[in-house]
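Each chain, letter by letter, is given below.
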Amino acid sequence: EREREREREGRDSFDSKKENKFGKMFKKPFKTSGSNVVKKSVKRNLVNTLKKKYPNLSDEEWSELIPAKGAELTITKVQGSHTVIYSLDGQPFFFDADNRGELYPTVYAMWKAPRLAETIIVQPNVFTFLERGADLFLPGVLTPTGGMKWEKGAPRSVTLLQYGLPLAVGEVIVDDQYVAQNGMKGKGVRIVHHYKDKLWEMGNRSHPQNQKGWKLGQAWAGYEEHYATHGLTVGEEGESTSGPAAGEEEEGGDAGTSGGDGAQDKGKEEA
């Protein structure tokens, strides 16, 4: 029995180290050890691997995201880790966390293909705390009227209610059974990359407000009850008529509105 306890403690310690390492990966400046252009066969294998991990896109959409010809794919190693970054024509598009096949898209890739990863909707003010270093806690998640599925280990993007492009990506750390037993409490998604972190700075530092699809032309399907309850509307051209826009240069905002409380408390702790 004691041996089993030590094994569990070892696993918990490993998971804790992994979580801390992943959580801080791109929050501080990092050094790279140079970039190399990959062969066409490596590029093709990468795309095939990504298609299996992110099956939402069609072959045509994948061809638009990572063209087979005319776009140079490079691989860059992050010093002090086994993490590698895949860039397309100099723009970071995907990264392999610890080089174990845990591939995640960057915001640049998701802005070109928003459906790449299944997304989680949050109130706009929640991003203030994600940007400061907090993970996404379940009380900050807006659940659609039909409910949602939680799959531990699955990659998920994070999108603001009323806006059309993701601003963060992470790994789900709970499952349906946990949520059924505990409700929407505790940490739900470990954030591994977000808009304005150091990985974003490695690219051209473009902003979501300047991307096609940022302005939502219609309300998020499945969130009608939330829109009705809080009196939120979407303008004729997709211009949101209430709520702050994430990514604005000025910081601040109180996450004490509905859907933001969980991110507020934990964001202060982890900031």
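Structural data are supplied above this passage.
In this text, all values refer to a predicted model and were calculated from it rather than measured experimentally. (Residues numbered from 1 in each chain as written. Predicted model: local features only at pLDDT ≥ 70, side-chain atom pairs only at ≥ 80, totals over all residues. Heavy atoms only, no water.)

Participant: With reference to specific residues and values, describe helix α2 (residues 40-53).
Facilitator: Helix length check: α2 (14 residues) gives 20 Å between terminal C-alpha atoms against 20 Å at 1.5 Å per residue, within 8%. Inspection of α2 places Lys43, Leu46, Val47 and Leu50 among the buried residues, and these make up the whole buried set. Relative to the axis of α2, the buried residues are bounded by an arc of 100° and lie together on one face. Looking at α2, the residues exposed on the side facing more than 90 degrees away from the buried face are Arg44 and Lys52. Against the buried residues of α2 lie α3 (59-65), β2 (73-78), β3 (84-88), β4 (91-96) and β5 (103-105). (Helix = DSSP H or I, 4+ residues; strand = E, 2+ residues; numbered from the N terminus. Expected span 1.5 Å × (residues − 1). Buried < 20%, exposed > 50% of the residue type's maximum accessible area, 1.4 Å probe, protein only. Arc of directions from axis to C-beta. Contact = heavy atoms within 4.5 Å.)

Participant: Let's hear about the sheet that holds strand β1 (residues 32-37): which residues, and what values?
Facilitator: The sheet built from five strands is open, its strands ordered β1-β2-β3-β4-β5 with antiparallel pairing. At either end of the open sheet lies a strand with only one pairing partner, and these are β1 and β5. The average undirected angle you get between the axes of adjacent strands in this sheet is 25°. Note that β3 and β4 share five bridges and pair antiparallel. Following the sheet pairing, Ser87 is matched in β4 by Pro92. (Pairing = 2+ DSSP bridges. Axes fitted to C-alpha atoms, helices over the stretch in contact; angles between N-to-C directions.)

Participant: Report on the side chain of Arg190, specifying residues and quantitative values.
Facilitator: When you line up the elements, Arg190 lands in strand β10 (residues 187-194). Residue classification places Arg190 among the buried residues on the basis of a relative accessible area of 6%. A distance of 2.3 Å separates polar atoms of two side chains, one belonging to Arg190 and the other to Glu171. (Polar contact = N/O pair within 3.5 Å; in protein donor to acceptor, adjacent residues only side chain to side chain.)

Participant: Explain the sheet that holds β10 to me, using residue names and the numbers behind them.
Facilitator: Pairing is mixed in the open sheet, where five strands are placed in the order β6-β8-β9-β10-β7. Both edges of this open sheet fall to β6 (119-122) and β7 (136-137), since each of them pairs with a single strand only.

Participant: Residues and numbers for the nonpolar core, please.
Facilitator: Within the largest apolar cluster, 58 residues are counted, with the highest numbers of intra-cluster contacts made by Trp62, Leu65, Phe94, Leu116, Leu136 and Trp150. For this core, the element with the highest residue contribution is helix α4 (residues 107-112), accounting for five residues. Setting aside chain neighbours within four positions, we find Leu116 in contact with Tyr54, Asn56, Leu57, Trp62, Leu65, Phe94, Pro105, Ala109 and Met110. Core analysis: the next-biggest nonpolar cluster, separate from the first, contains seven residues, Ile121, Leu142, Leu216 and Leu232 among them. (Core = buried A, V, L, I, M, F, W, Y, C linked by side-chain atoms within 4.5 Å.)

Participant: Give a detailed account of the pairing of strand β9 (residues 166-172), specifying residues and quantitative values.
Facilitator: For β9, a buried count of seven out of seven residues is recorded, marking the element as mostly surrounded by other parts of the structure. Both strand β8 (residues 155-160) and β9 contribute to a ladder of five bridges, which runs antiparallel. Its bridge partner lying in β9, Arg156 is registered against Gly170. The turn linking β8 back onto β9 is made up of five residues, and Gln162 within it adopts a positive phi angle of 85°. Where β9 meets β10, five bridges bridge the pair, whose relative direction is antiparallel. Paired with Glu171 across the strands is Arg190, a residue of β10.

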